[in-house]
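# Observations on chain architecture
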Amino acid sequence: MTEIIEINGRKWEKSIGNEGQDVYVAQFLETEKDVLGKFVDKDSYDILIDKDADFYLPASLTGSQELTEDRIAFKFRKNVFTEEEQRGAYEGLYDAAVESNNRGLAAGPRSETQGTRDWVTGYQADILSYYEQEQPQSVIGTDPLQEIADKHKVAKDEIRGDVWLRLKVEAEFGTYKEFFPLCMDKLAGMTVKEASEYAKKLRKEFISDTSYATAIWSGIAGFYGRYPRIPYGRATAYTDHNREKFEKCYPFARKLESEFARMLPQRWTEQKKFADRLDNKFLIGEDTTFTTITVNTTSKDRNARMACHRDAGSLNEGYPNLTVATKEGKNWKGGYLVTPEVRAAINCRPGDLLLIDNMRVIHGNTPIEAPDSGEDDFLRMSLVFYFREDMDMLGSWEYESLRRQFVDDRRKDETHKLWKPFWNGVSPSMWDDQEWYDYLEKNGGREMVEKYHPNAYETKSSLEAFF
């Protein structure tokens, strides 16, 4: 039996599914320009989902009246994970979230120079924060440095109220007006630990006053693909340095995998095709279809509230998900995940599972506050497991490890023809160069060269014939 729900002129069809879940079908879609980039609150939704439910997008999006997996906005199920599975996820992933200063102060922007003062720009502050935090990966799957640059290109740069100490800067870099590009080159040439310590030194000793923007606590665990600056597949920094702790989340990931396969079999099958092509050392637990986990934490001292956005980087053919965890039953109020295009909010609590098409469906979360009990020692950790689409291009774990080793060896080799102070070991067309082919053959064998670079020996033979 189907009923029509109408609230404020908007309509949804509602029925009961084959598992006893509520099934909603939205008959409308709010205009994205009216919701993107805005924070959500109680006025952003009409329906609160607090029990098992499937929620479908309007038929107009696909042209079909069938309730297919392509039309699902989200599927929500209560009490999917056991206490033990939740505890493993918490212990294995909590420390992956790090502080990220990516919001400006509420006060308006200032000019970069005011009298004799030269302010620290929002761009410069974000760069220092990135290195201080040991170069965390981007939440949305892009190159973090490029993401910071792009953010400050599209909006007027915010000045944080801090001031560079001219004499300190000139003594360190030999110039003042042109010092920051030199600073970035120096940081890029350091190890993760060295760069973190140096960035902290710059903030402490080279800036006259410190005032921080509201911070988001977010991070990445699992595995990542290649970037221009980091041209090899690898474990994230957190996973690489905390492997034993990270593995505690495996039972949780495997339960999630089984529920994903059961609830969305077509999307799971498509994601598994990609996972089967990838070396299983890049998969969570080596036996799931997930490569990467985004971790966000909120407490009285941490903030992870997000404005309305779509996620990037997930596999289009697959399906991401969201779960929440806490420690020792610590409670919170609010934190609803809102899908404002269809005016629905989901009250996802520890043990619950939300499968949500977060690359297509705009979403944000309401404020997270202390519970009505008044106890302010609350904690909410949200987790998103997904398959990173760009990882489909990776070679074997051994091959990607040799790419990493090659970059590191070049960076450390002061006799290399391209070496210079703070060089990161990366150069244009380096993966089509004879230097790399020879290195790969020496360390991985001819068979590996032929597999990943079939033209390598043809090129060499042609050159030999010429001479």
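Just above sits the structure.
Report on the accompanying structure. (Residues numbered from 1 in each chain as written. Predicted model: local features only at pLDDT ≥ 70, side-chain atom pairs only at ≥ 80, totals over all residues. Heavy atoms only, no water.)

### Observations concerning unusual backbone geometry
- Positive phi outside glycine occurs at Glu286, with the angle close to 65°.
- Of note, Glu286 is situated in the loop between helix 10 (265-277) and strand 13 (292-299).
- Backbone geometry places Ser429, a non-glycine residue, at a positive phi of 60°.
- Within the element layout of this structure, Ser429 appears in the loop between helix 11 (397-412) and helix 12 (434-444). (Helix = DSSP H or I, 4+ residues; strand = E, 2+ residues; numbered from the N terminus.)

### A word on the environment of Val449
- Counting through the fold element by element, Val449 comes out in helix 13 (residues 446-452).
- C-alpha separation for the pair Val449 and Asp438, spaced 11 residues apart in sequence, amounts to 8.8 Å.
- Ignoring anything within four residues of it in the chain, the contact list for Val449 reads Tyr437, Leu440, Glu441, Pro454, Ala456 and Tyr457. (Contact = heavy atoms within 4.5 Å.)

### Structural notes on the nonpolar core
- Ile49, Phe55, Phe74, Leu354 and Trp436 are the most contacted members of the largest nonpolar core, which totals 48 residues.
- Residues in contact with Phe55, not counting those within four places in the same chain, are Trp12, Tyr24, Ala26, Ile49, Arg71, Ile72, Ala73, Phe74, Val342 and Ala344.
- Core analysis: the next-biggest nonpolar cluster, separate from the first, contains 46 residues, Tyr250, Ala275, Ile284 and Met381 among them. (Core = buried A, V, L, I, M, F, W, Y, C linked by side-chain atoms within 4.5 Å. Buried < 20%, exposed > 50% of the residue type's maximum accessible area, 1.4 Å probe, protein only.)

### Some points on the packing of helix 11 against helix 12
- Remark: helix 11 packs on helix 12, axes separated minimally by 11 Å, with the N-to-C direction vectors making an angle of 120°. As summarised for this structure, helix 11 and helix 12 are arranged oblique, according to the angle between their axes. The chirality of how helix 11 crosses helix 12 is right-handed. Residue-level inspection shows Tyr399, Leu402, Arg403, Gln405, Phe406, Asp409 and Arg410 of helix 11 in contact with helix 12, the latter providing Glu435, Trp436, Tyr439, Leu440, Asn443 and Gly444. (Axes fitted to C-alpha atoms, helices over the stretch in contact; angles between N-to-C directions. Parallel < 35°, antiparallel > 145°, perpendicular 65-115°, else oblique. Left-handed = near helix turned anticlockwise from the far one by under 90°.)

### Structural notes on the pattern of salt bridges
- Evaluation of the coordinates by the stated rule reveals 33 salt bridges.
- Arg10 is the partner of Asp46 in a salt bridge, and the nearest nitrogen-oxygen pair spans 3.4 Å. Taken together, the residues Asp46 in the loop between strand 3 (22-26) and strand 4 (47-49) and Arg10 in strand 2 (residues 10-16) connect sequence positions 36 residues apart.
- Between Arg262 and Glu259 there is a salt bridge; the shortest N-O distance is 3.0 Å. (Salt bridge = Lys/Arg side-chain N within 4 Å of Asp/Glu carboxyl O.)

### Quick word on the packing of aromatic side chains
- Under the defined criterion, the tally for this structure stands at 30 aromatic pairs.
- Taken together, a centroid distance of 6.3 Å and an interplanar angle of 55° make the contact between Trp164 and Phe180 tilted. Taken together, the residues span a long stretch of sequence, with Trp164 in the loop between strand 10 (159-163) and helix 4 (166-173) and Phe180 in helix 5 (residues 179-188) at a distance of 16 residues. You'll find Trp164 and Phe180 in the same group, each marked buried.
- Ring centres of Phe260 and Phe290 lie 6.2 Å apart, and the angle between their planes is 25°; this geometry places the pair in the stacked category. Note that Phe260 is positioned in helix 9 (residues 250-263) and Phe290 in the loop between helix 10 and strand 13, a separation of 30 residues in sequence. (Phe/Tyr/Trp six-rings, centres within 6.5 Å; stacked < 30°, edge-to-face > 60°.)

### A short note on the sheet that holds strand 16 (residues 337-339)
- Strand order in the open sheet formed by 4 strands is 4-17-16-19, with mixed pairing between adjacent strands. Looking at strand neighbours, the two that pair on one side only are strand 4 and strand 19 (364-365), the edges of this open sheet.
- In this sheet, strand 17 (residues 344-346) lies alongside strand 4 in parallel orientation, the contact comprising 3 bridges. Looking at strand 17, one finds that Ile47 is bridged to Ala344. (Pairing = 2+ DSSP bridges.)

### Observations concerning a negative patch on the surface
- Together, Asp432, Asp433, Asp438 and Glu441 make up a negatively charged patch on the protein surface.
- Along the polypeptide, Asp438 turns up in helix 12. (Patch = residues over 30% accessible without salt bridge, like charges linked within 9 Å, V, L, I, M, F, W, Y side chains within 5 Å. Areas by Shrake-Rupley, 256 points an atom, 1.4 Å probe, with all protein chains shown as cover. Lys, Arg positive; Asp, Glu negative; His and termini not counted. Charge placed at Lys NZ, Arg CZ, Asp CG, Glu CD.)

### What about the side chain of Gln21?
- Within the fold, Gln21 resides in the loop between strand 2 and strand 3.
- Looking at Gln21, the relative accessible area reads 4%, which means it is buried.
- A polar atom in the side chain of Gln21 sits 2.8 Å from the side chain of Asp54.
- Beyond its immediate stretch of four places on either side in the chain, Gln21 contacts Ser15, Ile16, Asp52, Ala53, Asp54 and Arg77. (Polar contact = N/O pair within 3.5 Å; in protein donor to acceptor, adjacent residues only side chain to side chain.)

Purely geometric stuff here, so don't read any function into it on its own.
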